[in-house]
Structure formats: structure tokens, C-alpha cells
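These are the residues of each chain, in order.
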Amino acid sequence: MIRNEKEYKEARARLERDEEEVERALGPGLSFRAQLEEKMEWYERVRRRDFEIIDNLSAVGTLLIALRIANGLSQKDLAQKLDVSEAQVSRDERNEYHGITVERAQRVLDAMGESLTTRVVERPLVPA
């Protein structure tokens, strides 16, 4: 029980210190939770075929993964369609298809019955 102003001020100061410690202790867990929620939201959007516009070709790998999910295919299913091992598809997706050729990306699209349309948009020059 707080019986006077001095005890009240001490309690207030302790509470403020405790809040900082609680935030510091819970921060990593809250960050992990936020990341997990973001990943779940991405997966749910992809299942609905609600794809983000990609503004550079390095994002094609993520799009290929999203298309597999949207088509309800497992990695094993896609591997069978591509006539490669499931481990190969797993490796490719773990690396987000980094470094694949255009031809290989097209094979993946063809295996899923998908097509990709690109558009070139001029960007304003940034002064040096």
C-alpha cells in the first residue's frame, strides 16, 4: 500500500524502470511474433492469388514460390512436373531461385501453366 507522496513517487519511478525492462525482455519475442504474422499474411494473400507487383527481376524467385503455393502444388508436385528431385526444388526455393536462368524460370512457369508479363517503365534519373 502507498501511504504518502514519497512512496507514490518511488513506486512511479520503479514502475517506469520495470516497464523499460519488460519492453527490453519482451522485444525479441514481440518482433518474432510480428515477423510470423507478416509471413502468414503473405501466405494467405498468395493463396488468394493476390500478388504484389514486382519492380525488379530479383523478385522473380519469390514470385515463382508464390505461384506454386497459389496453384496448390507441393514442392514434390512441382518437382515431378519439372522432372527434377524434390530436393532440387526445395534448394531452389530456399535460395529464392537466386541465379537461375531465364530459361529455367520459364520452365517453372510452364510447368505450372502460368505466364509472366513484364513492362518497362522509365525511372527518373537521380542526380549524382
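Residues numbered from 1 in each chain as written. Predicted model: local features only at pLDDT ≥ 70, side-chain atom pairs only at ≥ 80, totals over all residues. Heavy atoms only, no water.

Caption draft 1: Layout of the overall build of the chain. What the chain contains, in helices and strands, is 5 helices and 0 strands. From first element to last, N terminus to C terminus, the chain shows the α and β order α-α-α-α-α. Against the globule reference of 14 Å for 128 residues, the chain gives a C-alpha radius of gyration of 25 Å, more extended than a compact globule. Referenced to the eigenvectors of the C-alpha coordinate spread, the extents of the chain come out at roughly 75 × 45 × 25 Å. Partitioning the contacts of the chain with sequence separation of at least 6, the portion at a separation of at least 24 is 47%. Carbon and sulfur atoms make up 51% of the accessible area of the chain, which totals about 10700 Å². The distance from the centre of the 22 positive side-chain charges to the centre of the 26 negative ones in the chain is 2 Å. (Helix = DSSP H or I, 4+ residues; strand = E, 2+ residues; numbered from the N terminus. Rg over C-alpha atoms; globule rule 2.2 N^0.38 Å. Contact = heavy atoms within 4.5 Å. Areas by Shrake-Rupley, 256 points an atom, 1.4 Å probe, with all protein chains shown as cover. Lys, Arg positive; Asp, Glu negative; His and termini not counted. Charge placed at Lys NZ, Arg CZ, Asp CG, Glu CD.)

Caption draft 2: Structural context of the packing of helix α3 (residues 75–82) against helix α5 (residues 102–111). Contact geometry of α3 with α5 gives a least axis separation of 9 Å together with a crossing angle of 110°. The orientation of α3 relative to α5 falls into the category roughly perpendicular. Between α3 and α5, the residues in contact are Leu-78, Lys-81 and Leu-82 and Arg-107, Val-108 and Ala-111, respectively. (Axes fitted to C-alpha atoms, helices over the stretch in contact; angles between N-to-C directions. Parallel < 35°, antiparallel > 145°, perpendicular 65-115°, else oblique.)

Caption draft 3: Seen up close, the pattern of salt bridges. Applying the stated criterion across every chain, the model contains 6 salt bridges. In this structure, the salt-bridge partner of Arg-68 is Glu-93, at a minimum N-O distance of 2.5 Å. Of this pair, Arg-68 sits in helix α2 (residues 60–70) while Glu-93 sits in helix α4 (residues 86–94); the two residues are 25 residues apart in sequence, bridging distant segments of the chain. Residue class for Glu-93 comes out buried when judged on its relative accessible area of 9%. (Salt bridge = Lys/Arg side-chain N within 4 Å of Asp/Glu carboxyl O. Buried < 20%, exposed > 50% of the residue type's maximum accessible area, 1.4 Å probe, protein only.)

Caption draft 4: Up close: the environment of Ser-58. Among the secondary structure elements, Ser-58 is positioned in the loop between α1 (5–47) and α2. As for Ser-58 and His-98, which are separated by 40 residues in sequence, their C-alpha atoms are 7.6 Å apart. There is a polar contact of 2.3 Å between the side chain of Ser-58 and the side chain of Asn-56. (Polar contact = N/O pair within 3.5 Å; in protein donor to acceptor, adjacent residues only side chain to side chain.)

Caption draft 5: Structural context of the packing of α3 against α4. Where α3 contacts α4, the two axes come as close as 8 Å, and the packing angle between them is 115°. In terms of axis orientation, α3 runs roughly perpendicular to α4. Of the two possible hands of crossing, α3 and α4 adopt the one that is right-handed. Facing α3, whose interface residues are Gln-75, Lys-76, Leu-78, Ala-79 and Leu-82, α4 presents Glu-86, Val-89, Ser-90 and Glu-93. Each residue belonging to the contact of α3 with α4 can be placed in one class, and the counts come to 4 nonpolar, 2 polar and 3 charged. (Left-handed = near helix turned anticlockwise from the far one by under 90°. Nonpolar A, V, L, I, M, F, W, Y, C, P; charged D, E, K, R; others polar.)

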